[in-house]
Amino acid sequence: MTNPKRYLITSALPYANGLKHVGHLAGAYIPADIYVRYLRAQKRDVVFVCGSDEHGTAIPIQATKEGTTPRAIIDKYHEAMKQDFEDLSMSFDIYHRTSEPIHHETAQEFFTRLNNAGELETKETEQYFDEEAKTFLADRYIKGTCPNCGSDRAFGDQCETCGRTLSPDELINPVSTLSGKTPIKKKTTHWYLPLGKHEQFLREWILEQHKDDWRSTVVGQCKSWIEGGLQSRAVTRDLDWGVKVPLKEAEGKVLYVWFDAPIGYISATKQWAIDNKKDWKPYWQDKDTKLVHFVGKDNIVFHCIIFPVMLKLHGDILPENVPANEFLNLEGDKMSTSRNWKLDMRDYIIDFVKKENGGGQCVDMLRYYLTQIAPETKDSEFMWKGFQDAVNSELVSIFGNFVNRTWVLMHKLCGGKVPQLHTGILDDNDKILIGEIENAKTRIESLLEQYKFREALYEVIDLSRKGNQYMQKKEPWIVAKKLAENPEAQKSIDNTMYLCLQLTANLAIFINPFLPNTAKSMLYMMKVVDKLLDWENAGKLKLLSTGYSLREPQLLFRKIEDTEITEQIEKLKSGLKQMEEPKKEETKTESVVKSEIQFDDFARIDLKVGTIVSAEKVEKADKLLKLSVDLGFETRTIVSGIALHFKPEEIVGKQVTVVTNLAPRKMRGIESNGMILMAEDKNGKLQFLKPENPVSPGSNVS
RNA sequence: CGCGAAGUAGAGCAGCGGUAGCUCGUUGGGCUCAUAACCCAAAGGUCGGGAGUUCGAUCCUCCCCUUCGCAACCA
């Protein structure tokens, strides 16, 4: 789209179950904010929406964890996140929330329209139900023994011990985490969005039309999803926290959070329109609107596949681009909330922004570093030492220093006023600098349009570097020494300082989208109003008029001291230790004895002794062995993840204990009909559980 | 396993068919207006490994190794 009438820019809705860290900030918020500030400077019609995502099972879970209500959780984190974004100069036009009535209405209308148009399917399935709590259980609420690794702490969706994704049906001894009781199976109906029907559309839209203008990582991800076969996705679920499904027969059901959350962009736009007496409709329905979603890579599938399908069915416009960022690691390791290896936005705000020598400059320092290392093409690394280097040797030494020396010299050599430009005596250096200023505009503009924020910011800093080089060549402080014998030399000084001052004004315009607080400080020093920052002024050389007197210089940035970064690194490492200590205890107490079960539960498991008659390694799998086990009445194929511990030839003829009534399961394409019981010592070494003396195959174990 | 992304100077990254580039760091020199800032120069890489296509490959193709992500009721 070459010249859209209006822009709607979104940043991923942060989930209101905890504070967000700098990885989120670098991924979805800062890039969007830069883009929006640039568009605003161009006087474009742009709305920037965001808000808290407040539904889904994780909210009630977090409430239980903190011993409070879901409502209290979302109120707490909504306010906290909103505040943090504000403290870091995020310029949302609205920061909304999905718990607002206007959002519920919008999401329900969305569902109704799709349902009435016959675009949704219903399916009846059996799901676990907790009779005591009288509720269907989300996968996360079911705990049991992992069929893969035998850990008794697996959840219905995933085993945290071995990492395997599970479905609740696979769990051995499923237990409700709400009541501790064994849940029963109960029939329930759900609505599904059949993505498969839209494969052709997605292929054309993404893999054809956008294969060149979207980031390769984004197209790659989408391709992976499409090639993998698009399954129907449930859009409802049995839960009492969320947007009620607007149908009589759907009592007790809510919209699945992934369905309602992106609609939050629309409801936020509606609320913004009400607040500002505007019409929201063109922003979502007019073809001349450019919609851009800024997200992290975990969100690609929702914003490139699922939400666009929803939008298409609903008759809305599609995103023009989804410039997703990859992930930001921290000091050599993945950021992780559960391991407490992270830097929360809040922590930075407290340790830097709110300190006495903090303020807007510290906000901009973080924005600078995060933009400079933004994971635009691949995962990148936040290093405290890198942060210090970037601030001290680029922001302070190159950019800040250029502005500062310009101001000091201007006061010393030009009486604190903007000097005249003597066009007759412009030399090559002057002309080259003028050319650079004009070029910079085109370059930065083009990079921003392509969402290459890191490079665009580099161009800005590089322009100030060119200012330093220029000044070094012109050496006005040397020229000034010859003034006594050659008063004409003042003209050369005037030209140099005039150009440096105009360059500074241009730098303010260019840096503004990235570092708005810095731009503000520069405006103050130049004694000019915000209007100077209009993008149309960029590249011009008459921004500060001759004779205008300017303020005394003030430093734009302070340096980051060594002690500050060593403190942060210490803090990070000690946080990690604190998390590890209590966790160990927890495992201990829990692993000694599992929760009590009834004899009936035990009796449901059929254990028999079998003899391994053959064993072979499974092709292209590190851990798997394919075993044939003689159980007396039959010989079964069992696939077991023990290849790292035993060689196939070693174990033929050995007797083992087998769970014989475990549901069959395919691994590497081979159906496994049972499970071998193993004992694991604390080093992770496995041993077979077997009778002391050989017994006949098929003997019962009880 | 599969799919996707990535492996390039001490560190962080760019380039993606035609003598390897940027920032920081290191070393040497210059300057002194400037936040021990600035400017100039140098050292430093057989572009993960192997094979192929090509007149020519870091860049294309194939295989292998390593890292990260995804695999769909995970929001």
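Cut-offs and rules
- Residues numbered from 1 in each chain as written.
- Chains lettered and ligands numbered in written order.
- Predicted model: local features only at pLDDT ≥ 70, side-chain atom pairs only at ≥ 80, totals over all residues.
- Heavy atoms only, no water.
- Pairing = 2+ DSSP bridges.
- Helix = DSSP H or I, 4+ residues; strand = E, 2+ residues; numbered from the N terminus.
- Axes fitted to C-alpha atoms, helices over the stretch in contact; angles between N-to-C directions.
- Contact = heavy atoms within 4.5 Å.
- Disulfide = S-S within 2.5 Å.
- Buried < 20%, exposed > 50% of the residue type's maximum accessible area, 1.4 Å probe, protein only.
- Core = buried A, V, L, I, M, F, W, Y, C linked by side-chain atoms within 4.5 Å.
- Polar contact = N/O pair within 3.5 Å; in protein donor to acceptor, adjacent residues only side chain to side chain.
- Bend = angle between axes of the 7 residues up to and from the residue.
- Salt bridge = Lys/Arg side-chain N within 4 Å of Asp/Glu carboxyl O.

Draft legend 1. Highlighting the sheet that holds strand β13 (residues 289–294). Here four strands make up an open sheet; going across it, the order is β3-β2-β1-β13 and the pairing parallel. Where the open sheet ends on each side, the last strands, each with one partner, are β3 (94–97) and β13. Across this sheet, the average inter-strand angle for adjacent strands is 25°, counted without regard to direction. Bridge count for strand β2 (residues 46–52) against β3 is four bridges, and the pairing is parallel. Each bridged residue has a counterpart across the sheet, and for Val49 the counterpart in β3 is Ile94. Where helix α1 (residues 22–41) meets the sheet, it contacts β1 (6–11), β2 and β13, and its direction lies at approximately 160° from that of β1.

Draft legend 2. Spotlight on the state of the cysteines. All told, the structure shown has zero disulfides when counted by the stated rule. Of the cysteine sulfurs around Cys50, a residue in no disulfide, the closest is that of Cys304, at 17 Å. Free of any disulfide, Cys222 has its nearest cysteine sulfur in Cys304, 4.0 Å distant. Classification of Cys222 by relative accessible area gives buried; the value is 1%.

Draft legend 3. Representation of the nonpolar core. Counting residues in each nonpolar core, the largest one holds 180 residues, and the members touching the most others are Ile9 and Phe382. When neighbours within four sequence positions are excluded, Ile9 is seen to be in contact with Ala32, Tyr35, Val36, Leu39, Val46, Val47, Phe48, Val49, Val292 and Phe294.

Draft legend 4. View of the side chain of Ser91. In this structure, Ser91 sits in the loop between α3 (70–87) and β3. Residue Ser91 is classed as buried on the basis of its relative accessible area of 14%. One polar contact links Ser91 to Asp33, side chain to side chain, over a distance of 2.6 Å. Discounting chain neighbours no more than four positions away, the residues touching Ser91 are Asp33, Val36, Arg37, Arg40 and Phe48.

Draft legend 5. Inspection of the pairing of β13 at higher detail. Summarising burial for β13: six of the six residues are buried, a large majority. What you see with β13 is no split at all: Thr289, Leu291 and His293 on one side and Lys290, Val292 and Phe294 on the other are buried throughout. With six bridges joining them, β1 and β13 adopt parallel strand pairing. Bridged to Thr10 within β13 is His293.

Draft legend 6. Spatial organisation of the sheet that holds strand β10 (residues 232–234). Spatially, four strands are ordered β5-β4-β9-β10 in an open sheet, and the strand pairing comes out antiparallel. Every interior strand has two partners, whereas the edge strands, β5 (135–136) and β10, have only one. As judged from the two bridges shared by strand β4 (residues 121–130) and β5, these two strands associate in the antiparallel manner. Each residue of the ladder has a partner; that of Asp130, found in β5, is Thr135. Relative to the sheet, helix α9 (residues 300–314) contacts β9 (184–194) and β10, its axis offset from that of β9 by approximately 75°.

Draft legend 7. Summary view of α1. Where α1 bends most, at Tyr29, the angle is about 40°, and the proline Pro31 comes one to four residues later. A large share of α1 lies buried, amounting to 18 of its 20 residues. In the segment just after α1, Lys43 is the residue with positive phi, at about 65°.

Draft legend 8. Region of the structure containing the environment of Ile263. Relative to the elements of secondary structure, Ile263 occurs in helix α7 (residues 257–275). Residue Ile263 is classed as buried on the basis of its relative accessible area of 0%. With 278 residues separating them in the primary sequence, Ile263 and Leu541 have C-alpha atoms 46 Å apart. Excluding residues within four positions of it along the chain, Ile263 makes contact with His103, Thr106, Ala107, Phe110, Phe307 and Met310.

Draft legend 9. Representation of the pattern of salt bridges within the structure. For the structure shown, the criterion picks out 30 salt bridges. Salt bridges sharing partners connect three or more residues here, namely Glu436, Arg443, Glu459, Asp462, Arg465 and Lys466.

Draft legend 10. Spotlight on unusual backbone geometry. Its identity as a non-glycine residue notwithstanding, Lys43 has a phi of 65°, on the positive side. Relative to the helices and strands, Lys43 is located in the loop between α1 and β2. Of note, Lys277 is a non-glycine position whose phi angle comes to about 55°, a positive value. Structurally, Lys277 is set in the loop between α7 and α8 (281–285). For Lys277, a relative accessible area of 77% corresponds to the exposed category.

Draft legend 11. Spotlight on the pairing of β2. Most of β2 sits out of view: seven of its seven residues are buried. A two-sided burial pattern is seen for β2, the buried positions comprising Val46, Phe48, Cys50 and Ser52 on one face and Val47, Val49 and Gly51 on the other. Across four bridges, β1 lies against β2 in parallel orientation. Bridge pairing in β2 links Ile9 to Phe48.

Draft legend 12. Focus on the environment of Phe92. Within the secondary structure layout, Phe92 lies in the loop between α3 and β3. For Phe92, a relative accessible area of 15% puts it in the buried group. Separated by 407 residues in the primary sequence, Phe92 and Leu499 have C-alpha atoms spaced 35 Å apart. Every residue in contact with Phe92, bar those within four places of it in the chain, is listed here: Ser11, Tyr29, Phe48, Cys50 and Phe85.

Draft legend 13. Summary view of the environment of Lys573. Structurally, Lys573 is set in helix α18 (residues 562–592). The exposure class of Lys573 is partly exposed, given its relative accessible area of 47%.

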